[in-house]
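# Residue-level structure breakdown
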Amino acid sequence: MPKRTLSLPRVIGHRGAAEAAPENTLASFREAKRQGAAWVEFDAKLSADNRAFLLHDDNIDRTSNAAGAARALTYDELRVLDAGSWRGPQFAGEKMPLLAEALALFAQEDLQFNLELKPCPGRARDTAKIVLDELAHLWPAAKPKPLISSFVLECLEIARDQAPELPRGLLLEDHPVNWLDLAQNLKADTVNIWDQAATPEWVAEIKAEGYGLLVYTVNDAARARQLIDWGVDGIFTDAPARILAAVGQ
Ligand code: G3P
Ligand code: MG
């Protein structure tokens, strides 16, 4: 059974407050804070020149004014793109932020966070090493520790070995029969499961094994309430204010 020291929130702003603002931008994190979120989640990966920055997809097509594979572009090439206008003209000029910029905002705004290691294809090892190294240098030791998560087992193994003091979340898409073996091997603190895979039985099983349990991504208030009633600790949501109103902090 894991020795959990992490105090989990009921609500985590997914990619900031992705329903109201362009995901994984500073504007989105400010909006999550404005809506009352104490925690945010974001996706971190590497540019071609190994700079840690925030983006969900493998390519930039959906969330910027350009197209192409993120892993093929340097950060200087990414930096000039508009990552806000696709979500509304009021967000024109938002950038894909550097990890360093996001961390500075979180420190200033007293936001806690879940950093999801989201490597471009073939870049798992470097992504975990470089992102965790930056985090160690940039995140103030006096601040609460972030939760590190990933769908990519190699990233979590590196996190376990390189930054054992940071709590880890095993991200799962389906319901693998060996989920407990995976969590134990990674010395995970939380298991972060997909809403559509969540059942009362599996929730009870994960909690009985002593893990924190987070569910992504829930934007419906009644569903969030149901999950909390089943025993889920916290919810990733694009709409922090709506879910906070339903389940509280
Ligand atoms: O970390 C929770 C959630 O963000 C995982 O899925 O695809 O939104 O990164 P995704
Ligand atoms: Mg994510």
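Our subject is the structure listed above.
Before going into details, it helps to say that this report is about the structure given with it. None of the values given here were measured: they were computed from a predicted structure. (Residues numbered from 1 in each chain as written. Chains lettered and ligands numbered in written order. Predicted model: local features only at pLDDT ≥ 70, side-chain atom pairs only at ≥ 80, totals over all residues. Heavy atoms only, no water.)

## Details of the overall build of the chain
A tally of helices and strands in the chain yields 9 helices and 9 strands. Relative to the 2.2 N^0.38 estimate, which gives 18 Å for 249 residues, the radius of gyration of the chain is 17 Å and therefore close to what a compact globule would have. Expressed along its principal axes, the backbone C-alpha trace of the chain runs to roughly 50 × 40 × 35 Å. In the chain, which comprises 249 residues, the proportion classed as buried is 55%. Within the structure as shown, the chain displays about 10400 Å² of accessible surface, and the carbon and sulfur contribution to it stands at 49%. Side-chain charges in the chain split into 27 positive and 36 negative, and the spacing between the mean points of these groups amounts to 4 Å. (Helix = DSSP H or I, 4+ residues; strand = E, 2+ residues; numbered from the N terminus. Rg over C-alpha atoms; globule rule 2.2 N^0.38 Å. Buried < 20%, exposed > 50% of the residue type's maximum accessible area, 1.4 Å probe, protein only. Areas by Shrake-Rupley, 256 points an atom, 1.4 Å probe, with all protein chains shown as cover. Lys, Arg positive; Asp, Glu negative; His and termini not counted. Charge placed at Lys NZ, Arg CZ, Asp CG, Glu CD.)

## Quick look at unusual backbone geometry
Even without being a glycine, Asn 24 presents a positive backbone phi close to 55°. Locating Asn 24 in the fold gives a position in the loop between strand S1 (11-14) and helix H1 (26-34). Taking the relative accessible area as the measure of exposure, Asn 24 reaches 3% and is therefore buried. Located in the positive-phi region is Lys 187, a residue other than glycine, with phi close to 50°. Along the chain, Lys 187 turns up in the loop between helix H6 (179-185) and strand S7 (190-194). You can call Lys 187 exposed: its relative accessible area is 56%.

## Quick word on the layout of surface pockets
Its volume calculated, the largest pocket comes out at about 210 Å³. In terms of residue class, the lining of the largest pocket is made up of 9 nonpolar, 1 polar and 3 charged. (1 Å grid on protein atoms, 1.4 Å probe; cavity = no way out; pocket = protein on both sides within 12 Å on 5 of 7 lines; lining within 4 Å. Points joined across faces, edges and corners; volume = space filled by probe spheres on them. Nonpolar A, V, L, I, M, F, W, Y, C, P; charged D, E, K, R; others polar.)

## A few points about the site of ligand 1
The environment of ligand 1 is made up of His 14, Arg 15, Glu 41, Asp 43, His 56, Glu 116, Lys 118, Phe 151, Leu 171 and Tyr 216. For ligand 1, the accessible surface in isolation is 290 Å², of which the surrounding protein chains cover 91%. Grouping the constituent residues of the shell around ligand 1 by class yields 3 nonpolar, 2 polar and 5 charged. (Near = heavy atom within 4 Å.)

## Observations regarding the pattern of salt bridges
Note on pairing: side chains with opposite charge can pair once their charged atoms come close. Tallied over the entire structure, the rule returns 14 salt bridges. Between Glu 23 and Arg 15 there is a salt bridge whose closest N-O contact spans 3.0 Å. Exposure remark for Glu 23: the relative accessible area of 9% places this residue in the buried category. By relative accessible area, Arg 15 is classed as buried at 14%. Within this structure, Arg 15, Glu 23, Asp 43, Asp 57 and Arg 62 form a network of salt bridges that share partners. (Salt bridge = Lys/Arg side-chain N within 4 Å of Asp/Glu carboxyl O.)

## Quick notes on the pairing of strand S8 (residues 212-216)
In terms of burial, S8 is a largely internal element, 5 of the 5 residues being buried. What you see with S8 is no split at all: Gly 212, Leu 214 and Tyr 216 on one side and Leu 213 and Val 215 on the other are buried throughout. Direction of pairing for S7 relative to S8: parallel, over a ladder of 5 bridges. If you follow Ile 193 over to S8, its bridge partner there is Val 215. Handedness of the crossover is the feature at issue here: the chain leaves S7, passes through helix H7 (residues 200-208), returns alongside S8, and the resulting connection is right-handed. Inspection of the sheet shows S8 paired to strand S9 (residues 234-237) by 2 bridges, in the parallel sense. Counterpart to Leu 214 in the pairing with S9 is Gly 234. Each parallel crossover has a hand, and the one from S8 via helix H8 (residues 221-230) to S9 is right-handed. (Pairing = 2+ DSSP bridges. Right-handed = clockwise from strand over helix to strand, strands pointing away.)

## Quick look at the coordination of the magnesium ion (ligand 2)
For the magnesium ion (ligand 2), the full set of protein donor atoms is Glu 41 (OE), Asp 43 (OD) and Glu 116 (OE), at a range of 2.0 to 2.2 Å. Mapped onto the sequence, the donors of the magnesium ion (ligand 2) take the spacing E-x1-D-x72-E. (Donors = N, O, S within 2.8 Å, 3.2 Å for Na, K, Ca; no water.)

## Details of the environment of Trp 86
Residue placement: Trp 86 occurs in the loop between helix H2 (75-79) and helix H3 (99-109). In sequence terms Trp 86 and Asn 65 are 21 residues apart; their C-alpha atoms lie 7.2 Å from each other. If near-sequence neighbours (up to four positions away) are discounted, Trp 86 is found in contact with Pro 22, Glu 23, Arg 62, Thr 63 and Ser 64. A polar side-chain atom of Trp 86 sits 3.3 Å from the main-chain carbonyl oxygen of Thr 63. (Contact = heavy atoms within 4.5 Å. Polar contact = N/O pair within 3.5 Å; in protein donor to acceptor, adjacent residues only side chain to side chain.)

## What about the environment of Asp 174?
Structurally, Asp 174 is set in the loop between strand S6 (168-171) and H6. Judged by relative accessible area, which is 49%, Asp 174 ranks as partly exposed. Expressed as a C-alpha distance, the spacing of Asp 174 and Gln 196, which sit 22 residues apart in the sequence, is 8.4 Å. When sequence neighbours within four positions are dropped, the list of residues in contact with Asp 174 reads Ala 197 and Trp 202.

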